[in-house]
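Chain by chain, the residues:
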Amino acid sequence: MVYLYFGALIFFVFGAKIRAFVTGENPSQTAYSLSMSICDGFSPLPKSSNFGQKTKKISAPKYIRMKYLLGVTLDTLNTWFQERGQPRFRAGQIFDWLYKKEISDIMQMSNLSIDLRYALDKEWKAHGIELVKIQTSDDQQTYKFLWQLHDGKRVESVLIIGENRDTQEAQRRTVCVSSQVGCPARCAFCASGREGLLRNLEPDEIIAQVYEINRWLQKERGERVSHIVYMGMGEPFRNYEAVLQSIRTMIAPDMMGISQRRITVSTVGVVEGIQRLASEDLKVNLVLSLHAPNQKLRQKIIPYAREYELQSILEAMYDYAAKTKRDITFEYTLLAGINDAPEHAHELVELLKNKQCSVNLIPYNPVAGLKLEKPSHEAIRGFRKILDAGNIISTCRYTKGDDIAAACGQLALQKS
Ligand code: SAH
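Right, let's walk through the structure included here. These numbers come from a predicted model, not from an experiment.

The subject of this paragraph is the overall build of the protein chain. Summing up its helical and strand segments, the protein chain has twelve helices and 14 strands in all. Out of the 416 residues in the protein chain, the part that is buried amounts to 40%. In the protein chain, of all internal contacts separated by at least 6 residues, the share reaching a separation of at least 24 is 68%.

A few words on the packing of helix 8 (residues 271-279) against helix 10 (residues 310-324). For the pair helix 8 and helix 10, the least separation of the axes is 9 Å and the interaxial angle reads 10 degrees. With respect to helix 10, the element helix 8 is oriented roughly parallel. Within the contact between the two elements, helix 8 uses Val271, Ile274, Gln275, Leu277 and Ala278 and helix 10 uses Ser312, Ile313, Ala316, Met317, Asp319, Tyr320, Lys323 and Thr324.

On to the packing of helix 6 (residues 203-221) against helix 7 (residues 240-251). At their nearest, the axes of helix 6 and helix 7 sit 8 Å apart, and the two run at 40 degrees to each other. Considering their axes alone, helix 6 and helix 7 lie oblique with respect to each other. Viewed along their axes, helix 6 and helix 7 form a crossing whose handedness is right-handed. Together, Pro203, Ile206, Ile207 and Val210 of helix 6 and Ala242, Val243, Gln245, Ser246, Thr249 and Met250 of helix 7 make up the contact between the two elements. For the contact of helix 6 with helix 7, a count of residues per class yields seven nonpolar, three polar and no charged.

Let us look at helix 12 (residues 377-389). Between its first and last C-alpha atoms helix 12 spans 18 Å; for 13 residues at 1.5 Å apiece the expected length is 18 Å, and the two agree. Immediately beyond the C-terminal end of helix 12, within one or two residues, lies Asn391, with a positive phi of roughly 60 degrees.

Counting 101 residues, the largest nonpolar core has Val175, Val210, Ile228, Met250 and Met317 as its most contacted members. Apart from the residues within four sequence positions on either side, Val175 is in contact with Ser157, Leu159, Gln209, Val210, Ile213, Val225 and Ile228.

Although it is not a glycine, Glu102 sits at a positive phi angle of roughly 55 degrees. Here Glu102 lies in the loop between helix 4 (89-100) and helix 5 (114-123). Phi is positive for His291, which is not a glycine, with a value near 65 degrees. In this fold, His291 is placed in the loop between strand 11 (285-289) and helix 9 (295-301).

Taken together, the seven bridges between strand 12 (residues 328-334) and strand 13 (residues 357-363) define a ladder with parallel strand orientation. Its bridge partner being in strand 13, Leu334 is matched across the sheet by Pro363. In this region the chain leaves strand 12, passes through helix 11 (residues 342-352) and returns to the parallel neighbour strand 13; the handedness of that crossover is right-handed. Taking the sense of rotation as the criterion, the β-α-β connection linking strand 13, helix 12 and strand 14 (residues 393-396) turns out right-handed.

Here the focus is the pairing of strand 6 (residues 171-176). Inspection of the sheet shows strand 5 (residues 154-163) paired to strand 6 by six bridges, in the antiparallel sense. Counted as the bridge partner of Ile160 is Thr174 from strand 6.

Let's shift gears to the sheet that holds strand 4 (residues 142-148). Here ten strands make up an open sheet; going across it, the order is 3-4-5-6-9-10-11-12-13-14 and the pairing mixed. A strand with exactly one partner marks an edge of an open sheet, and here the two such strands are strand 3 (130-136) and strand 14. Within the sheet, the average angular offset between the axes of one strand and its neighbour, ignoring direction, is 25 degrees. Against the sheet, helix 10 contacts strand 11 and strand 12, and its axis sits at roughly 165 degrees relative to strand 11.

Our next topic: the environment of Lys385. Assignment of secondary structure puts Lys385 in helix 12. Distance in space between the C-alpha atoms of Lys385 and Pro342 is 9.5 Å, their sequence separation being 43 residues.

Turning next to the environment of Gly182. One can find Gly182 in strand 7 (residues 180-182). For Gly182, a count of 23 C-beta atoms within 10 Å gives the class buried. Not counting residues up to four positions away in its chain, the partners in contact with Gly182 are Ser192, Gly193, Glu195, Gly196, Leu197, Leu198, Met233 and Leu413.

Definitions and cut-offs
Residues numbered from 1 in each chain as written. Predicted model: local features only at pLDDT ≥ 70, side-chain atom pairs only at ≥ 80, totals over all residues. Helix = DSSP H or I, 4+ residues; strand = E, 2+ residues; numbered from the N terminus. Buried ≥ 20, exposed ≤ 12 C-beta atoms within 10 Å, placed from the backbone. Contact = placed C-beta atoms within 7 Å. Axes fitted to C-alpha atoms, helices over the stretch in contact; angles between N-to-C directions. Parallel < 35°, antiparallel > 145°, perpendicular 65-115°, else oblique. Left-handed = near helix turned anticlockwise from the far one by under 90°. Nonpolar A, V, L, I, M, F, W, Y, C, P; charged D, E, K, R; others polar. Expected span 1.5 Å × (residues − 1). Core = buried A, V, L, I, M, F, W, Y, C linked by C-beta atoms within 7 Å. Pairing = 2+ DSSP bridges. Right-handed = clockwise from strand over helix to strand, strands pointing away.

And the structure:
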């Protein structure tokens, strides 16, 4: 009994310190000087005995998942505060720090009392991903970010600096985000699905890729992310809820405030995902990874294509375009000797004729271990000519970042 009381006393006195030990968080010194009076109605946590003194920084243990602020709605956060007798505006204050001031460390949110910060910090973190490394392409136009997740798994995102078709900005700064660890689609030409799907990413893990790259970009170049494409590792519509939550966070004016016109979701063709997105109150751009002009060839290139008839995918795409008034794009990875012949181009014209759409041709980017080849320049030119003659608008995306394996389809699973 005596031991129990003693144990409880120790826990009470050192509670905050133990928490700091477990989470690895070390409250910043600036935080301590702030007034406690903001904390009306909040029952304070026991204070650590070393209040205001330096503690040894211990990094957070792996495989612990807390609650994450990025992606959480104002309502959810409001409820959390209300349950603790706090006024509603607290959630707005957190949003302001997180999204407007872009401060992710709870202990730096200085208009919240120190006790409140402790209480928040005990349960919440901004997000659960950690930067492992950044690789830069020789031309300094492409940056690949490797992230470590809470369970030790790793994903990558790519930042591409490119010319801009809009006149307001000198350059586009596009982040290509991953939505899953691995990919279920297993496209024959892509590195991402070679080991199948390992797991879905959580909303914070998707949002944080953009959030952190944006902060990095601001620090390094004084610029901000302008466009987002869901074309990294994974199939966004096989992780629908998390992807939707990430989109909502990116577009909400009191969150990241990015225009929907600058967000593009790319899918291998998950019909119910396309239909669901069409039924949301959203207008993001939608791209279908087509890669072949008919079902038979498509199945050969994309094993996952067996799940849905090409015609039903196309219908869902056209329906999306009609509902959202957005033009749709078809991605077509050109593989030498497989889908780059003139007859494929003619068949593509037939498939898409009279439709409001464009085709984005992507010459295959080599993936180690795959016996596939880039199409010749003549083949690409010939293919485009046939599309032009058939009144199909096309663009050709030339390789960016292949020297650091950051080009389309080169994002592979990375071991920790
Ligand atoms: N699962 C989604 C998003 C990820 S792939 C989808 O299938 O759309 C995004 C794009 O990467 C695909 O459209 C494909 O065109 C491109 N891609 C993948 N591997 C490639 C490679 N090796 N070379 C060129 N493009 C590739």
